[in-house]
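# Notes for the structure review
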Amino acid sequence: MVRPYGVKVHKRKKREGNYDKEEEEVEEQSIQAAKKKTLKSTKEDEDVEKKAEEDEAEEEAAPVEVVEGIPAAPSDQKALKRGAIFVLERASLEVGKVGKSYQLLNSDEHANFLRRNNKNPADYRPDIIHQALLSILDSPLNKAGMVQAIYVKTEKGVLFEVKPHVRIPRTFKRFSGIMLQLLQKLSITAASNREKLLRVIKNPVTQYLPLNSRKTGLSYSSEKLVDIQKYVATISDDMDLVFVVGAMAHGKIDNDYTEDWIAISGYPLSAAFCISMICQGVAKKWNVL
């Protein structure tokens, strides 16, 4: 009984030795494969970096692509010395937690929620600022590069800047999503070059307005009823034009930086239509067709 047991032990040791040899071979193969993979990855990384450098060189050498409706620069050199600035006051942009999610409050979708919280649904009209922004951005004045800046101040006092070349969503639902993201993250960046197209800035708005500018506020209650085209024609060409327009459902603007208050119609008009009339008057002054 001793001899077979010894033979069995001898065979087992030999078998374990084979296993060790096989494990060494497998380990060596794994090392070789890892080296090949590393060399391949390094080569791929170098190819990617080389391709990126080539693309960057091509982009620098290529001419600037001008998107239709949004000029890369004003075509008229005189436009660089003048421009219109819009300040939209008292915009109804407020975020509330409805159910389990945060939403931009509006009178159509959240009327019951607002009443339960002792708030007047008629005061929550973010569609007004949506239409006002579209009126500015779609105007020939803006497409000619003569809108320098757009500032929006909410009813709660939050101030943010809108770049004149931004493309605001046409549908109100998508616009609400953008405004919600802006008020939560404080900025909206472009997907192409990471430029901040919308960003929350510090108050007051006067620190961003040019010194040599005429700051004009629009109010239906103003006793000074003017023809907007004749009014802007009397302003010097070397002055920037700042227009302050209310973006609320009702009420009036109350600030201390506006130099002149005018009414451009004997009838109450929407903010979008007021802005449209202003853009037409200024465009005629500066010969923008």
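Residues numbered from 1 in each chain as written. Predicted model: local features only at pLDDT ≥ 70, side-chain atom pairs only at ≥ 80, totals over all residues. Heavy atoms only, no water.

### Describing the pairing of strand β8 (residues 213-218)
Along β8, five of the six residues are buried, which leaves the element largely enclosed by surrounding structure. As defined by bridge partners, β8 adjoins strand β9 (residues 240-246) across five bridges and the pair is classed as parallel. Paired with Ser213 across the two strands is Asp240, which belongs to β9. By the bridge criterion, three bridges tie β8 to strand β10 (residues 260-262) in an arrangement that is parallel. Residue pairing in the sheet places Leu218 in a bridge with Ile262 of β10. (Buried < 20%, exposed > 50% of the residue type's maximum accessible area, 1.4 Å probe, protein only. Helix = DSSP H or I, 4+ residues; strand = E, 2+ residues; numbered from the N terminus. Pairing = 2+ DSSP bridges.)

### Observations concerning the packing of aromatic side chains
All told, the structure shown has three aromatic pairs when counted by the stated rule. Note on Tyr151 and Tyr208: the rings are 5.8 Å apart at their centroids and 25° apart in plane angle, and the pair reads as stacked. In this pair, Tyr151 sits in strand β4 (residues 147-154) while Tyr208 sits in the loop between β7 (196-201) and β8, placing the two residues 57 residues apart along the sequence. (Phe/Tyr/Trp six-rings, centres within 6.5 Å; stacked < 30°, edge-to-face > 60°.)

### As for the pairing of strand β1 (residues 84-91)
Burial runs high along β1: seven of the eight residues are buried. As defined by bridge partners, β1 adjoins β4 across six bridges and the pair is classed as parallel. When the bridges of β4 are listed, Leu88 appears paired with Val152. Of the strand pairs in this sheet, β1 and β9 are connected by six bridges, and their pairing is parallel.

### Examining the environment of Ala111
Considering the arrangement of structural elements, one finds Ala111 in helix α2 (residues 111-116). By relative accessible area, which is 16% here, Ala111 ends up buried. Remark: the alpha-carbon pair of Ala111 and Pro121, spanning ten residues in sequence, is separated by 5.4 Å. Setting aside residues up to four positions removed in sequence, Ala111 forms contacts with Asn106 and Pro121. (Contact = heavy atoms within 4.5 Å.)

### What to know about helix α5 (residues 172-185)
Relative to the 20 Å expected for 14 residues at 1.5 Å per residue, α5 spans 20 Å between its end C-alpha atoms, a close match to the ideal helical length. For α5, the set of buried residues is Phe175, Ser176, Met179, Leu180 and Leu182. For α5, the buried positions fall inside an angular range of 165° around the axis, keeping them on one side. With respect to the buried face of α5, the exposed residues turned more than 90 degrees away are Lys173, Arg174 and Lys185. Once α5 finishes, Leu186 follows within two positions and takes phi at roughly 75°, a positive value. (Expected span 1.5 Å × (residues − 1). Arc of directions from axis to C-beta.)

### Looking at the nonpolar core
Of all hydrophobic cores here, the largest spans 51 residues; its most connected members are Phe86, Leu88, Ile129, Leu133, Leu141, Leu198 and Phe243. Those residues within four positions of Ile129 in sequence are excluded, and the remaining contacts are Leu88, Ala91, Leu93, Val152, Phe175 and Ala247. Core analysis: the next-biggest nonpolar cluster, separate from the first, contains 13 residues, Val87, Ile201, Val244 and Ile253 among them. (Core = buried A, V, L, I, M, F, W, Y, C linked by side-chain atoms within 4.5 Å.)

### Looking at the pattern of salt bridges
This model, assessed by the stated rule, comprises nine salt bridges. Across the pair Glu155 and Arg90 runs a salt bridge, and its minimum N-O distance is 3.2 Å. You can see Glu155 sitting in the loop between β4 and β5 (159-162) and its partner Arg90 sitting in strand β1, a full 65 residues away along the chain. Salt-bridge contacts for Arg125 lead to Asp127; the nearest nitrogen and oxygen are separated by 2.9 Å. The exposure class assigned to Arg125 is partly exposed, which follows from its relative accessible area of 28%. Sharing partners across several salt bridges, the network here consists of Glu161, Lys163 and Arg199. (Salt bridge = Lys/Arg side-chain N within 4 Å of Asp/Glu carboxyl O.)

### Some words on the sheet that holds β5
What the eight strands build is an open sheet, ordered β6-β7-β5-β4-β1-β9-β8-β10; its pairing is mixed. Each of the sheet's edge strands pairs with one partner strand only, and the pair in question is β6 (187-189) and β10. Pairwise comparison of adjacent strand axes, ignoring direction, gives a mean angle of 20° for this sheet. Here α5 sits on the sheet and contacts β5, β6 and β7; the angle it forms with β6, its principal contact strand, is near 120°. (Axes fitted to C-alpha atoms, helices over the stretch in contact; angles between N-to-C directions.)

### Digging into the confidence of the model for the protein
Confidence in the prediction of the protein, expressed as mean pLDDT, is 80, and 72% of residues score 70 or more. Within the model, pLDDT remains below 50 along residues 37-80, and this stretch shows 16 contacts once partners closer than five positions in the same chain are excluded. (pLDDT = per-residue confidence, 0-100.)

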